[in-house]
Each structure stands twice: as structure tokens, then as C-alpha cells.
Amino acid sequence: MGKVILTGDRPSGKLHLGHYVGSLKNRVLLQEDTNNEMFIMIADQQALTDNAKNPQKVRESIIEVALDYLAVGLDPSKSTIFIQSQIPQLAELTVYYLNLVTVSRLERNPTVKSEIEQKAFNQSVPAGFLVYPVSQAADITAFNATHVPVGDDQKPMLEQAREVVRDFNRIYKTETLIEPELMLPPKGQGRLVGIDGKGKMSKSLNNGIYLSDSADEVEKKVMKMYTDPNHIRVEDPGQVEGNVVFTYLDIFDEDKEKVAALKEHYRAGGLGDVKIKRYLNEVLQSLLTPIRERRKEYEGNEDYILEILQAGSEKAEKIAAQTLDDVKTAMGINYFK
Ligand code: TRP
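A. Molecular detail of the site of the ligand. For the ligand, the set of nearby residues contains 14 residues, the closest of which are Arg10, Gln46, Gln136, Asp139 and Gln154. In the model, a nitrogen atom of the ligand is placed 2.8 Å from a nitrogen or oxygen of the aspartate 139 side chain. Look at the ligand: alone it shows 370 Å² of surface, and the protein chains cover 92% of it. Ranked by residue count, the leading element in the shell around the ligand is strand E1 (residues 4-9), at four residues. The residue makeup of the shell around the ligand, split by class, is six nonpolar, five polar and three charged.

Given below as C-alpha cells:
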């Protein structure tokens, strides 16, 4: 049996290479398997839970994220790409699921907990933010998803969704909802370190290479990359571990023998940083050039992007409406039938 796959992102600005290795690349592969049915959701309602005063920013990010999706090769003829807020059934499902979840369970959700600390809400956590795991359970169940490919930071969300499913089915003596499985990214592709080597690639650390960066920008960033601070002269032996250039070559270069040979040479001494950086630049450019080319087909054509998202949202709504109907029937609250 094929998989029904649902995944998505909160729109908060353009996507970088960390997103590419952590999820986008895998999504394109999953999309190419015709046994799979793929739904990709731009979670704008979830973004609004901590951006209520800034809907314009969320709107702009929707377009940016959609453009990045299309540029990496997510294909609206193969995957249903849609906008969360345009599917009213998701909000309705959320209302019913909220009654199955306690406030203390939400407060214990590790991802919610750490986000509340990071975002420094202090005492004023928006109620919608606290309960977003429940709305995420609605997103997943509305499309009968069997599999949810996300990073390990999303594990607690999936656990809560599974609890909602089990509780719903038990309480209403039904098998309406499907318990989804977590699909973690392939080994070694969890999180990508930033070009400074300090932390994972992120907007806030300003250490990212973006899918939308020009060839020049990418090259400049590669040339500044953190390597081995003790590798001063070309003839000095260099360290490969923790050296961002080699970390990236391990991930992005298909030619594993070449990478092994470069590492050996670098360790022995005699291989300069400029050389390995030029080589990494070539590897990254060959990944990013087709992405850049595809982006050009859509860039500046917001109407076209919105048409794609509208078509996806209309298709998604039909499926969510059926699930909502089944949910209300299971609960015995479809009064007018
Ligand atoms: N929580 C995800 C994020 O932070 C976005 C998201 C919302 C999602 N609903 C989802 C992911 C359902 C997978 C399935 O990016």
C-alpha cells in the first residue's frame, strides 16, 4: 500500500541549504515515487500564532516559501501544495480535538516549551500558540496522512497527534482517524551546520546559504567558511573534523572517493583552504544552478504562484471536508443529516 504523506513548514522567510538537506531534498524523492500521495502545507495559521501583529510578513513569506518549493522541483502536478488558512475544516477539527487535550499536556510538550523560552513571551503566551500542536494534529489527520516526514524537533508534535488520534477513536468508538508515523530525515541529514561552524544554519545566526542566493553570493560565503584555524600555511597538516568545508563536501559531493582523497591530502599537509573552497563552490553551484534556473520561471509572477496554491488548496479542502464529515458523524453531531 502506498503512503499518504503530509508535511509542511511555517512560512518565515526564504529557505536555506539546511532546509534543503533536512527536508526539501527528501520531499522531492518521495514525490517521485508514484505510490506516494504527497501533501505539502504552508502553515500560515501556525506562523500567525506568534505573529498576529504581522500578517503582512506571513503573507510575504508564503510567496517566498512557495517559490523555494517550486524551485527545488516540488511539482504541483505531483504534490498538492496548499495554504493552511484556506482550509476552514482544519480550524473546525481543531476545536473538537482541543477538548481531548489538557492544558498541562500542552505545557509539557518539549517543542512548545523550548519555543516559549526562545521567543521570550514572558507571561503572555498567546493561547493559539500554546495549542498549535492540536491544530497540527488536525492538519495531519484531515488528509488521512500515514506518514509525516519532519525533523526530530517535530517528534513531540507527532506524539501529540498520535495521542489525539488514539483518544478520538477510543472515545467515539470509531476507526475514523489514522495514526500517523514519523519519518525522520535520512542519517546524517538532520541538521546542517552554518558556514561559521558555530551552530546549525539559521536565519537568526546569519550563517546561511540561501537557495535564492546568487552564484556570487554563494561563492563569497564559501570563501569565508570556517575551516581549521590552525591550518595556517598550505604545507601545514589540517584538520578535517569540524571543518565546515569537509562537512559540506561529505553531504553535498556525490564523488565520495574524491572527498576521501582530498581529506587525506589535507590531513597530510600541502592542500590549501582556497583550493578546497573553490572545489566546494563548484559542487554547490552545480546543485544550486538548476534550482536558480527553475526559480526564474516563477519569480516575479506572484499571480501564477497564487494560482498554483489556490488549485492545491481547493483539492485539499475537498479531502478535509470529507474527514470533518466523518469526524462529526463519529461524534454523533451531524444533526441535520
Ligand atoms: N510545525 C511545523 C514547523 O514548525 C509546520 C507544520 C504545521 C507541520 N503543521 C504540520 C509539519 C503538519 C508537518 C505536519 O515548520
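Additional details are given in the paragraphs that follow.
B. Expanded view of the pairing of E1. Judged from the six bridges that link them, E1 and strand E2 (residues 37-42) form a sheet pairing that is parallel. By the bridge assignment, aspartate 9 is partnered in E2 with isoleucine 42. As a crossover connection, the stretch from E1 through helix H1 (residues 17-32) into E2 is right-handed.

C. Summary view of the packing of aromatic side chains. Under the definition given, this model contains nine aromatic pairs. Where phenylalanine 129 meets tyrosine 132, the ring centres are 5.3 Å apart and the plane angle is 70 degrees; that geometry is what we call edge-to-face. Between tyrosine 298 and tyrosine 304, the ring centres sit 5.6 Å apart and the planes meet at 15 degrees, which makes this aromatic pair stacked. With relative accessibility at 36%, the residue tyrosine 304 sits in the partly exposed group. Three or more aromatic residues link up through ring pairs in this structure, and these residues are Phe39, Phe82 and Phe143. It is lysine 14 that lies over the ring of tyrosine 210; its NZ or CZ is 4.6 Å from the centre. Directly above the ring of tyrosine 279 sits lysine 258, whose terminal nitrogen or CZ lies 4.3 Å from the centroid.

D. Spatial organisation of the environment of alanine 47. Inspection of the secondary structure puts alanine 47 in helix H2 (residues 44-48). When the C-alpha atoms of alanine 47 and tyrosine 132 are compared, they prove to be 9.7 Å apart, with 85 residues separating the residues in sequence. Those residues in contact with alanine 47, other than ones at most four positions away along the chain, are Arg10, Pro11 and Val58.

E. Seen up close, the nonpolar core. In this structure, Leu17, Tyr20, Ile209, Tyr248 and Phe252 are the most contacted members of the largest nonpolar core, which totals 55 residues. Beyond its immediate stretch of four places on either side in the chain, phenylalanine 252 contacts Leu17, Tyr20, Val21, Leu192, Val283, Leu284 and Leu287. One finds Leu106, Ala142, Phe168 and Val327 within the second-largest nonpolar core, a separate group that totals 40 residues.

F. Representation of the side chain of glutamate 115 in the model. Secondary-structure assignment places glutamate 115 in helix H6 (residues 110-119). Given the relative accessible area of 10%, glutamate 115 is considered buried. For glutamate 115, the contacting residues outside a window of four places in its chain are Arg10, Phe129 and Tyr132.

G. Geometry of the pairing of strand E3 (residues 79-83). In terms of burial, E3 is largely enclosed, as five of its five residues are buried. Burial along E3 is two-sided: Ser79, Ile81 and Ile83 facing one way and Thr80 and Phe82 facing the other are all buried. When E2 meets E3, the two strands line up parallel, connected through five bridges. Counted as the bridge partner of isoleucine 40 is isoleucine 81 from E3.

H. A look at the packing of helix H10 (residues 215-223) against helix H13 (residues 273-298). In the contact formed by H10 and H13, the axes pass within 9 Å of each other and the chain directions differ by 150 degrees. The pairing of H10 with H13 is recorded here as roughly antiparallel in orientation. As H10 runs across H13, the sense of the crossing is right-handed. Contact residues: H10 offers Ala215, Val218, Glu219, Val222 and Met223, while H13 offers Val274, Lys277, Arg278, Leu280, Asn281, Leu284, Gln285, Leu288 and Arg292.

About the criteria used
- Residues numbered from 1 in each chain as written.
- Predicted model: local features only at pLDDT ≥ 70, side-chain atom pairs only at ≥ 80, totals over all residues.
- Heavy atoms only, no water.
- Near = heavy atom within 4 Å.
- Polar contact = N/O pair within 3.5 Å; in protein donor to acceptor, adjacent residues only side chain to side chain.
- Areas by Shrake-Rupley, 256 points an atom, 1.4 Å probe, with all protein chains shown as cover.
- Helix = DSSP H or I, 4+ residues; strand = E, 2+ residues; numbered from the N terminus.
- Nonpolar A, V, L, I, M, F, W, Y, C, P; charged D, E, K, R; others polar.
- Pairing = 2+ DSSP bridges.
- Right-handed = clockwise from strand over helix to strand, strands pointing away.
- Phe/Tyr/Trp six-rings, centres within 6.5 Å; stacked < 30°, edge-to-face > 60°.
- Buried < 20%, exposed > 50% of the residue type's maximum accessible area, 1.4 Å probe, protein only.
- Lys NZ or Arg CZ within 6 Å of the ring centre and 35° of its normal.
- Contact = heavy atoms within 4.5 Å.
- Core = buried A, V, L, I, M, F, W, Y, C linked by side-chain atoms within 4.5 Å.
- Axes fitted to C-alpha atoms, helices over the stretch in contact; angles between N-to-C directions.
- Parallel < 35°, antiparallel > 145°, perpendicular 65-115°, else oblique.
- Left-handed = near helix turned anticlockwise from the far one by under 90°.

Keep in mind these values describe shape, not function.
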